[in-house]
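Here's the letter readout for the chains.
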Amino acid sequence: MDITSILEGLNDRQREAVTAPLGNLLIVAGAGSGKTRVLVHRIAWLVAAEGVSPHGILAVTFTNKAAAEMRARAEALLSAPPRAMWVGTFHGIAHRLLRMHWRDAGLPENFQIIDADDQLRLVKRVLRAQNLDEQRWPARQSAGFINAQKEEGRRPRDVPAGDHFTETQKRVYEAYEALCRQGGVVDFAELLLRCHELWLDREDLLEHYRRRFGQLLVDEFQDTNTLQYASLRLLGGSAGNVMAVGDDDQSIYSWRGARMENIHRFPEHFRDTRIIRLEQNYRSTGTILKAANGLIERNAGRLGKSLWTAAGDGEPVSVYHGYNDTEEARFVADTARAWIERGGSADEIGVLYRSNAQSRALEEAFLRADIAYRIYGGLRFFERAEVKNALAYMRLVSSRHADVAFERVVNLPPRGIGAKTVGLVRALARERGVSMWQTVKEGIASGEIKARAAAALGGFLALIDEFAAQVEGRSLHDVAQCCVEASGLLAHHAKEPGERGVARKENLEELVAACRRFERDRLSPLDPRGAQADGADEPSSTLEDFLDQAALEAGEYQAEGGAAVQLMTLHSAKGLEFPLVFITGMEEGLFPSRMAGEELGRMDEERRLAYVGITRAMRRLYLTRAESRFIHGTDSYNPPSRFLQEIPVETLQDVRLGGALKRPLQRNGAPRDEDAALRIGARVRHAKFGEGVVLRCEGGGDRARVEVNFAGLGSKWLMLGYANLEMLD
DNA sequence: AAGTTCCGAGTTTTT
DNA sequence: CTCGGAACTT
């Protein structure tokens with residue numbers, strides 16, 4: 001391994017980070033400053049220069065994609081693939097540990113991971129069982145409560161006593177836990193909490209992993225939650241070899257439990273932390289960075305950093321004011337088309353928005369303009385109902401006692417087993433503390449289940465057993481094929497009305513194909529077999545592995561296809577970059593979101609989101625807004641986003657005018673200082689008409705009109721964009 | 001039990 | 001508008 005090649009092409013700061021002496025490191029890495037590069041090169045450096053064994057390295061990320069990328073790049077840099085190195089998501093790593101130490105963690109050997117959707121179903125059942133009014137006690141809220149508690153490391157008994165609300169949620173949490181225990185299922189937050197508790201309870205195990213993982217590296221540190229942070233302290237606190245890489249200005253998941261403070265407190269908790277800032281940006285033009293810096297400076301409590309670039313200023317940031325969302329979308333599509341016609345590629349273009357609902361108008365515009373586009377977000381592959389149905393069959397084939405799967409498909413397609421029958425089976429199962437499958441078998445034998453239901457249920461049991469028998473010793477995709485087709489699911493979903501039926505049929509077929517791919521290359525970065533076994537690793541089946549992966553990687557295989565414009569929310573754009581970026585819907589109430597309203601800190605987070613969006617752009621950035629927008633079935637009129645006011649005006653350029661930006665009018669609320677000149681009563685001068693006084697303002701952006709009373713000429717309506725008024729006073 | 005219609009709510013979502 | 005859940009039929 002060649003040490004000089006590891007350092008090649010790194011700037012001074014990056015090199016400092018990569019070659020820092022062993023110890024705790026906090027890398028404050030601005031957008032586009034090469035943070036993944038630093039992480040990967042640090043890993044290579046540790047192995048090549050510090051003589052660290054890959055076996056002793058644990059690198060943690062938040063997404064499977066990031067984990068895969070990190071591993072691939074580290075392997076490319078080191079000639080020998082460091083297979084023994086652990087690289088994965090927090091959840092993937094916790095899962096792996098729990099599979100190895102299931103007994104010590106108090107889990108059944110074949111525990112199963114449930115996703116957010118399954119969790120919600122279970123919570124609903126708890127609420128119903130406790131006779132809580134679903135209006136007053138929404139399942140989402142309870143699930144949110146439970147997850148928040150787990151993310152703070154709290155079991156029901158640890159939740160501080162509180163008012164009626166808290167006490168009720170606590171009881172729900174308790175009952176939910178019991179349900180999970182009985183079903184042998186583990187939700188996402190539980191993976192982390194269990195793992196943490198495992199270490200707390202078993203000092204010997206903790207000691208083992210502390211010794212083993214002498215080097216911890218954490219990506220996107222600003223997104224860690226309380227529990228993840230606590231686990232890192234537990235594992236790395238004394239060893240003192242933690243490299244945390246993050247950017248407090250890109251913290252946009254506080255609503256999901258992420259604690260930006262973790263990055264602030266890191267030096268307090270990790271001894272002798274060396275802080276290195278990466279501020280040189282290799283992505284964007286100077287103007288784009290100036291816009292981003294100017295905006296984010298308005299936030300308080302930052303670690304503080306300012307991006308700079310050696311590249312030139314580039315073009316101004318363009319601001320477009322559309323009449324409505326259709327026109328805004330058309331502008332985006334037209335501009336995209338022009339980019340492509342000038343030799344650019346469609347996949348160099350990113351179109352960002354605050355909420356998914358905004359994608360529709362854009363989609364239609366791209367469709368009409370005949371430009372290929374791809375929408376990210378929404379339901380991922382393994383989250384789709386039809387796919388989850390098929391997975392439930394597969395789960396049952398794998399483990400007959402999987403109650404969550406049982407309930408999901410016992411009557412799907414409909415086979416005469418209604419809510420009443422299912423309710424009876426559930427109650428009996430609960431009474432006896434056995435699975436629903438077991439209960440049905442016993443219930444039929446004992447006659448507790450009436451003939452009619454018994455026949456239907458018996459048929460279902462026989463069906464699953466038959467699949468299992470047929471599939472014995474066959475490949476994964478045979479199991480899938482069987483579960484998709486012989487179950488009747490394919491026919492059931494295919495006959496759903498309209499395009500939905502077609503799409504669902506295709507998805508089920510795709511599932512079988514995904515199984516084939518999984519058998520062929522098993523390329524999951526989380527695949528435990530990819531690395532050296534570490535003790536109690538059990539032999540595992542392809543089917544179980546596939547189901548685990550489906551739960552942990554809901555759909556990384558997004559359709560790739562040819563070059564296409566990428567449409568996505570600002571949140572999903574984090575970590576990506578595009579030569580040409582549009583941030584659409586720059587309107588108060590939309591972005592910043594209305595929900596960000598008064599709540600403390602929320603507006604700062606919206607601003608960080610804007611910062612994230614702006615810093616996605618490499619060469620060209622457009623900010624667009626619409627005067628009226630069709631939302632929730634009606635037209636709504638929103639004033640321009642405050643962020644348009646907050647971005648340094650000298651970086652902006654109005655699209656239509658091609659000159660300096662005229663500040664758009666504020667439609668509601670107090671006008672800002674910058675608008676003072678446009679307020680009623682303001683004195684202005686017009687090239688032809690001379691001096692006058694503003695009587696009225698209407699509209700905004702390039703449709704903004706003002707009525708001005710000119711001395712001796714009377715009042716005239718002028719288009720603000722064209723009138724070129726000079727402000728007096 | 002299954003299919004239909006009606007009503008009301010409606011950010012963001014790495015795992 | 002557009003989805004999901006509840007209430008209402010058949």
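Throughout, residues of each chain are indexed from 1 in the direction in which the sequence is written. Just so you know, chain letters begin at A and ligand numbers begin at 1, following the order they were written in. In keeping with the model being predicted, local features are shown solely for residues with a pLDDT of at least 70 and side-chain atom pairs are shown and tallied solely at 80 or more, while totals for entire chains, interfaces and linings include all residues. To get the side-chain values, take all heavy atoms of the structure and skip hydrogens and water.

For two strands to be treated as a pair, DSSP must find at least two bridges joining them. The helix and strand labels rest on DSSP assignments: H or I over at least four residues marks a helix, E over at least two residues marks a strand, and numbering proceeds from the N terminus. Strands sit in the order 3-2-6-7-1-8 across an open sheet of 6 strands; the sheet is parallel. At either margin of the open sheet sits one strand with a lone partner, and together these are strand 3 (86–89) and strand 8 (274–278). Sheet twist, expressed as the average angle between the axes of neighbouring strands with direction ignored, equals 15°. Across 5 bridges, strand 1 (residues 25–29) lies against strand 8 in parallel orientation. Across the sheet, residue Ala29 finds its bridge partner in strand 8, namely Leu278. Working rule for contacts: check all heavy atoms of both residues, and any pair within 4.5 Å makes them a contact. Fitting a line to C-alpha atoms yields each axis, with helices limited to the stretch in contact; the angle taken between N-to-C directions then spans 0 to 180 degrees. Each of strand 2 (57–61) and strand 3 touches helix 4 (residues 64–77); the most contacted strand, strand 3, lies at about 160° to it. On the sheet, helix 12 (residues 261–269) packs against strand 1, strand 7 (242–246) and strand 8 and is oriented at approximately 150° with respect to strand 1.

All right, on to the pairing of strand 1 then. For strand 1, the tally of buried residues reaches 5 of 5 residues, placing the bulk of the element in the interior. The side-chain alternation of strand 1 yields two buried faces, one formed by Leu25, Ile27 and Ala29 and the other by Leu26 and Val28. Summarising the sheet, strand 1 and strand 7 pair through 4 bridges and their orientation is parallel. Residue pairing in the sheet places Leu25 in a bridge with Met243 of strand 7. The buried label goes to any residue with under 20% of its type's maximum accessible area, the exposed label to any with over 50%, and the partly exposed label to all in between, with areas taken from a 1.4 Å probe on protein chains only.

This part covers the protein's contact with DNA strand C. The near set for a molecule or strand comprises every residue that places at least one heavy atom within 4 Å of it. In the neighbourhood of DNA strand C, the contacting residues comprise Lys124, Glu134, Arg360, Phe630, His632 and Gly633. When the atoms of DNA strand C within 4 Å of the protein are sorted by group, sugar and phosphate make up 42%. For the purposes of these results, a polar contact is taken to be a pair of N or O atoms within 3.5 Å, where, inside protein, one atom must be able to donate a hydrogen and its partner to accept one; residues adjacent in sequence count only when each atom of the pair is a side-chain atom. A distance of 2.9 Å is found between a phosphate oxygen of DNA strand C and a side-chain nitrogen or oxygen belonging to Lys124. Side-chain polar atom of Glu134 to a phosphate oxygen of DNA strand C: 3.2 Å apart, as the coordinates give it. Class assignment for the residues of the surface near DNA strand C results in 1 nonpolar, 2 polar and 3 charged. Side-chain classes are defined by residue name, with Ala, Val, Leu, Ile, Met, Phe, Trp, Tyr, Cys and Pro counting as nonpolar, Asp, Glu, Lys and Arg as charged, and the others, Gly among them, as polar.

On to the packing of aromatic side chains, then. Two aromatic rings are characterised by how far apart their centres lie and by the angle between their planes. Here the aromatic set is Phe, Tyr and Trp, taking the six-membered ring for Trp, and pairing holds for ring centres within 6.5 Å; pairs whose planes are under 30 degrees apart are stacked, those over 60 apart are edge-to-face, and all others are tilted. Scanning the model with the defined rule gives 22 aromatic pairs in all. Ring plane angle 50° and centroid distance 6.5 Å describe the contact between Trp199 and Tyr209, whose orientation is recorded as tilted. Taken as a pair, Trp199 in helix 9 (residues 188–201) and Tyr209 in helix 10 (residues 203–212) lie far apart in primary sequence, 10 residues in all. We note that Trp199, like Tyr209, is buried. Aromatic side chains Phe406 and Phe460 sit 5.6 Å apart centroid to centroid with 80° between the ring planes, which places their arrangement in the edge-to-face category. With a gap of 54 residues between them, Phe406 in helix 17 (residues 403–409) and Phe460 in helix 20 (residues 451–471) connect regions that are remote in the sequence. With respect to burial, Phe406 and Phe460 carry one shared label: buried. Grouping aromatic residues by their ring pairs yields a cluster made of Trp86, Trp199, Tyr209 and Phe213. Counting as a charge over the ring demands two things of the Lys NZ or Arg CZ atom: a distance within 6 Å of the ring centre and an angle within 35 degrees of the ring normal. The positively charged end of Arg99 is found above the aromatic ring belonging to Phe111, 3.9 Å away from the centroid. The cationic tip of Arg400 hangs over the ring face of Trp437; the distance from NZ or CZ to the ring centre is 5.6 Å.

Salt bridge criterion: a side-chain nitrogen from Lys or Arg within 4 Å of a carboxyl oxygen from Asp or Glu. Following the criterion strictly, the structure yields 55 salt bridges and no others. Notably, a salt bridge pairs Arg408 with Asp117, separated by 3.7 Å at the nearest N-O pair. Taken as a pair, Arg408 in helix 17 and Asp117 in helix 6 (residues 116–129) lie far apart in primary sequence, 291 residues in all. Looking at Asp117, the relative accessible area reads 36%, which means it is partly exposed. Here Lys388 makes a salt bridge to Asp118, at a shortest N to O gap of 2.8 Å. Taken together, the positions of Lys388 in helix 16 (residues 385–398) and Asp118 in helix 6 put the pair 270 residues apart, joining distant regions of the chain.

Inspection of the region around DNA strand B gives 33 residues, with Arg256, Arg354, Gly418, Thr569 and Arg602 positioned closest. Taken together, the sugar and phosphate atoms account for 48% of what DNA strand B places within 4 Å of the protein. Within the backbone of Gly418, one N or O atom sits 2.6 Å away from a phosphate oxygen of DNA strand B. Top element by residues in the surface near DNA strand B is helix 18 (residues 419–432). It accounts for 3 residues.

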